Amino acid sequence: MARTIVIDPVTRIEGHAKITLQLDDDGHLVDSRFHVVEYRGFETFCEGRPFTEMAGITARICGICPVSHLLAAAKTGDKLLAVAIPPAAVKLRRLLNLAQITQSHALSFFHLSSPDFLLGWESDPARRNIFGLMAADPELARAGIRLRQFGQQILELLGGRKIHAAWAVPGGVRSPLRAEARDWILARLPEAQATIRLALELHKRLLDGPLQQEQRLFGSFPSLFMGLVTPEGLWEHLDGQLRFRASDGTIVADGLREDDYASFLAEAVEPWSYLKFPYYRPLGYPDGMYRVGPLARLNVCDRIGSPWADRELTEFRQRSGQVAISSFAYHHARLVEIVACLEAIATLVEDPELMSARVRSHASLNRNEAVGVSEAPRGTLFHHYRVDDDGLLTKVNLIIATGQNNLAMNRTVHQIARAYIPDPVPAGVEIPEALLNRLEAGIRCFDPCLSCSTHAAGQMPLAISLVAADGRVLAERCRG
Amino acid sequence: MSVITLQVDGRDVAVPAGSTLLQAIRAAGLSVPTLCDLEGLEPVGACRLCLVELEGSQRLLPACASEASEGQVIRTDTAQLQGYRRMAVELFFAEGNHVCAFCVANGTCELQDVAVAVGMDHSRFPYQYPQRAVDASHPRFSLDHNRCILCTRCVRVCDQIEGAHVWDVAERGSDCRIVAGLDQHWGEVDACTSCGKCVDVCPTGALYAKEDTTAEKHPHPERAGQLRRAREQRQWTP
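Residues numbered from 1 in each chain as written. Chains lettered and ligands numbered in written order. Predicted model: local features only at pLDDT ≥ 70, side-chain atom pairs only at ≥ 80, totals over all residues.

> Describe the overall build of chain A, with residues and values.
For chain A, the count of helices and strands is 16 helices and 16 strands. Each of the three principal axes of chain A carries a C-alpha extent, and together these read 70 × 50 × 40 Å. For chain A, the residues scored as buried account for 56% of the 480 residues in total. (Helix = DSSP H or I, 4+ residues; strand = E, 2+ residues; numbered from the N terminus. Buried ≥ 20, exposed ≤ 12 C-beta atoms within 10 Å, placed from the backbone.)

Encoded structure:
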């Protein structure tokens, strides 16, 4: 008899989701689905509001990376005003995004994912979390928490608060950087660098040791990768242009402008998930599957452009391939990106132009439509607004990083399920805890933020269901 | 100038004849919450937050719009008044769409301050979520009807200080709203001098400069009183 395994809810991710494993009459796995079960509808209720509010409104979608929405909204606002923002504002926004990526990646690695690697997949789920890590390795946990604090503190130094600071505005930013803030950043940089060095050494030891199977089985498949690069092809997180690279290293498309996103991206809808399925339009659905985020950014760029990060990138490619196709490599990519962020922060805070008092250009509405882009920690984020002649929004489209990884997340779940659940599944089987955790960990590679991607809220518990061919749920495991 | 004496919350106070109860309360060193009242503008008693009890009367009086009389005994802070004030503030929040998180006036909003002052942490009344528009047709300013509490400060300052009388109140009950000109888009009203006084005195984020984003509004409600003193008393310093 066919059945379905359901994991509901998925834990240690941002948002609400469940996983179902569909079995046929003989107990063989035929399909695996990652369902996003929350909905918020931000795009619709923004309509009618002034575009100047979008930075404030969309930053409220999420408390993890409000900065990404803030920057995408502010950049879209710049285009509606049709202004060039002051050079200091460009640099201050870049500093904000670098701090954001640092804190978010530190959260993903230390708080959410490392308990699996360091405490073990089969360890007690009640202790397999940041608190278990604190007990097992207090120094590492402390260093990880302080690395995240470093990023968060920069956000507060710039915007006045750690989350939801509406500091980036159409035309620039609200306030310049104070000298004391710059000095604080400089003083704390060495500790942050030491922590990421420690984390990289540790992670590389694990990759070369106990985590080799995970690298092969956690979402390792060819796909396209998309991300921003500079005009010279270097790693980029806020400006620049879009590039698609295939798993064989071919640059499929380059120099793409966000304004033209509709010509190369399209979104499919499935009835079983609130999360849409964006795909690369020229290849169609679902062949146009692409991945975004830290792994994609490292795959699309030629190099990063700062010495330590470039050394790490070289080593990353030696381990995972010139184009890394395993989703498990997202974790390593996050650590390499933190190195890139810390080097870029160090360069920025030494730049005298960063301290300029001229940080905002003033203008009234000059265009009726614009698209803004930023690289969120989880990948490329698009904001697309249409406004009437008074600046009131008539159409909003937000394309979120996690949504763009949706096809790849589903493929990852299927690959892990195929590797770890028995074939066929015996009747009346209990789902082993280790399988549940590995399926969740497959999703966690992407560090998904479902609150943003469905424009929905909350922390992310996981549910897994085993469903028979006739639709009966045979087994369920939940964590909330 | 003749003087009258009265008692406010047990304190004896003397004020010039013709003073309002609100002036007497303040002269006694006490305060009551207000939203529609503003120095420099004629009182209207619209918000009902300054209601006080008058000994010997069953009726509550709006302190801003009631003249003080000799020998009155006033109470400003009874349990009944506290309950009514909190209820009035809850109704303001329930009948409009007040979302502080991204409002231009977050942090400088008088409605927000009053909510804190009366101890409101939620509304006991169901939120109405009315469908209201934003008028962004003026080149410099916007009117967000979602945030309007109909205090009519804008109506009065434009009429009594600027002399342009752009604003009026239209409709009835829950349909009541501020209108510009003859219920036109603000940007189409020739009478508007774009002076910005209505924006200065608005207690919430309903009227704001177009460039303002979240929490960027810098209201100047004191300007109505300053202009009145300058005009009538030739006094140009605050």
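> An account of the overall build of chain B is needed here, citing residue identities and associated values.
In terms of helices and strands, chain B carries 6 helices and 10 strands. Computed over C-alpha atoms, the radius of gyration of chain B comes to 19 Å, within 12% of the 18 Å expected from 2.2 N^0.38 for 238 residues, which places it in the range of a compact globule. (Rg over C-alpha atoms; globule rule 2.2 N^0.38 Å.)

> Break down the pairing of strand 6 (residues 224-229) of chain A for me, with residues and values.
All names here are of chain A. For strand 6, the tally of buried residues reaches 6 of 6 residues, placing the bulk of the element in the interior. Side-chain alternation along strand 6 places L224, M226 and L228 on one buried face and F225, G227 and V229 on a second face that is also buried. Pairing of strand 6 with strand 11 (residues 290-291), which is carried by 2 bridges, proceeds in the parallel orientation. Opposite F225, over in strand 11, you have R291 as the bridge partner. Pairing analysis gives 5 bridges linking strand 6 to strand 7 (residues 241-245), with the strands arranged antiparallel. Residue M226 lies in a different strand from strand 7, and its bridge partner there is F244. (Pairing = 2+ DSSP bridges.)

> Mind laying out the interface of chain B and chain A, listing which residues take part and the relevant values?
In this assembly, 12 residues from chain B lie in contact with 16 residues from chain A. By residue class, the composition of the side of chain B that touches chain A is 6 nonpolar, 4 polar and 2 charged. (Contact = placed C-beta atoms within 7 Å. Nonpolar A, V, L, I, M, F, W, Y, C, P; charged D, E, K, R; others polar.)

> For helix 6 (residues 138-159) of chain A, give the residues involved together with the corresponding values.
All names here are of chain A. With 22 residues, helix 6 extends 31 Å from end C-alpha to end C-alpha; this agrees with the ideal 32 Å at 1.5 Å per step. Residues of helix 6 that are buried: A141, G144, L147, R148, F150, G151, Q152, I154, L155, L158 and G159. Buried residues along helix 6 sit in contact with helix 3 (66-81), helix 4 (87-119), helix 5 (130-136) and helix 7 (179-208). Looking one or two residues beyond helix 6, the residue adopting positive phi is G160, at roughly 90°. (Expected span 1.5 Å × (residues − 1).)

> Tell me about helix 15 (residues 433-444) of chain A, residues and numbers included.
Residues and elements named next belong to chain A. Between its terminal C-alpha atoms helix 15 stretches 16 Å, which fits the 16 Å expected from 12 residues at 1.5 Å a residue. For helix 15, a buried count of 10 out of 12 residues is recorded, marking the element as mostly surrounded by other parts of the structure. Buried within helix 15 are the following residues: L435, L436, N437, R438, L439, E440, A441, G442, I443 and R444.

> Residues and numbers for the packing of helix 6 of chain A against helix 7 of chain A, please.
Residue and element names in this part refer to chain A. Interhelical geometry of helix 6 versus helix 7 gives an angle of 150° and a closest axis separation of 9 Å. Between helix 6 and helix 7, the angle is such that the two are roughly antiparallel. Relative to helix 7, helix 6 is oriented so that their crossing is left-handed. Contact residues: helix 6 offers A143, G144, R146, L147, F150, I154 and L157, while helix 7 offers A181, W184, I185, R188, E191, A192, T195, I196 and L198. Split into classes, the residues belonging to the contact of helix 6 with helix 7 amount to 11 nonpolar, 2 polar and 3 charged. (Axes fitted to C-alpha atoms, helices over the stretch in contact; angles between N-to-C directions. Parallel < 35°, antiparallel > 145°, perpendicular 65-115°, else oblique. Left-handed = near helix turned anticlockwise from the far one by under 90°.)

> Would you mind going over the environment of R291(A) in detail, with residue names and values included?
Residue and element names in this part refer to chain A. With respect to the element layout, R291 can be found in strand 11. When the C-alpha positions of R291 and M409 are compared, they lie 9.1 Å apart, and in sequence the two are 118 residues distant. With residues up to four places along the chain from it excluded, the contact list for R291 reads S223, F225, A296, N405 and A408.

> Explain the domain arrangement of chain B to me, and be specific about the residues and the numbers.
Residue and element names in this part refer to chain B. On domain assignment, one finds that chain B holds domain 1 (3-77) and domain 2 (103-233). Each partner contributes residues to the interface: domain 1 has 12 residues there, and domain 2 has 21 residues. Grouping the constituent residues of the side of domain 1 that touches domain 2 by class yields 9 nonpolar, 1 polar and 2 charged. (Domains from an automatic or database assignment.)

> Lay out the nonpolar core with the relevant residues and their values.
Counting 192 residues, the largest nonpolar core has L92(A) and C154(B) as the members making the most contacts within it. Element by element, the count of residues in this core is highest for helix 12 (residues 329-349) of chain A, at 13 residues. Counting the residues that make up this core, at least three belong to each of domain 1 (3-77) and domain 2 (103-233) of chain B. Residues in contact with C154(B), not counting those within four places in the same chain, are W167(B), I178(B), C198(B), V201(B), C202(B) and L207(B). (Core = buried A, V, L, I, M, F, W, Y, C linked by C-beta atoms within 7 Å.)

> Hey, could you go over the sheet that holds strand 2 (residues 11-16) of chain B for me, with residue numbers and the actual values?
All names here are of chain B. The strand order across the open sheet formed by 5 strands is 2-1-5-3-4, and the pairing between neighbours is mixed. Both outer strands of the open sheet, strand 2 and strand 4 (60-62), are each paired with one neighbouring strand and no more. The average angle at which neighbouring strand axes cross in this sheet is 40°, direction not considered. Where strand 1 (residues 3-8) meets strand 2, 6 bridges bridge the pair, whose relative direction is antiparallel. Bridge pairing in strand 2 links L6 to V13.

> With reference to specific residues and values, describe the packing of helix 7 of chain A against helix 12 of chain A.
All names here are of chain A. Packing of helix 7 against helix 12 leaves a shortest axis separation of 10 Å and a crossing angle of 160°. The angle between helix 7 and helix 12 places the two elements in the roughly antiparallel class. Every pair of crossing elements has a handedness; the one defined by helix 7 and helix 12 is left-handed. Residues R182, I185, L186, L189, A192, Q193, I196, A199, L200, H203 and L207 of helix 7 pack against H331, H332, L335, I338, V339, L342, I345, A346 and V349 of helix 12. Residue classes in the contact of helix 7 with helix 12 are distributed as 15 nonpolar, 4 polar and 1 charged.

> Outline the confidence of the model for chain B, supporting the account with residue identities and numerical values.
On average, residues of chain B score 96 in pLDDT, and 99% of them are at 70 or above. Reported for the predicted complex are a pTM of 0.89 and an ipTM of 0.89. (pLDDT = per-residue confidence, 0-100.)

> An account of the sheet that holds strand 8 (residues 251-256) of chain A is requested, with residue identities and associated values reported.
All names here are of chain A. Strand order in the open sheet made by the 4 strands is 8-7-6-11, with mixed pairing throughout. The open sheet terminates on both sides in strands that have one partner only, identified here as strand 8 and strand 11. Here strand 7 pairs with strand 8 via 3 bridges, running antiparallel. Bridge assignment links F244 to a residue of strand 8, and that residue is A253.

> So, the environment of P130(B): which residues are in play, and what are the values?
Residue and element names in this part refer to chain B. You can see P130 is positioned in the loop between helix 3 (110-117) and strand 6 (134-135). Spatially, the C-alpha atoms of P130 and A105 are 20 Å apart, while their sequence positions differ by 25 residues. When near neighbours in sequence (up to four residues on either side) are disregarded, P130 contacts G96 and N97.

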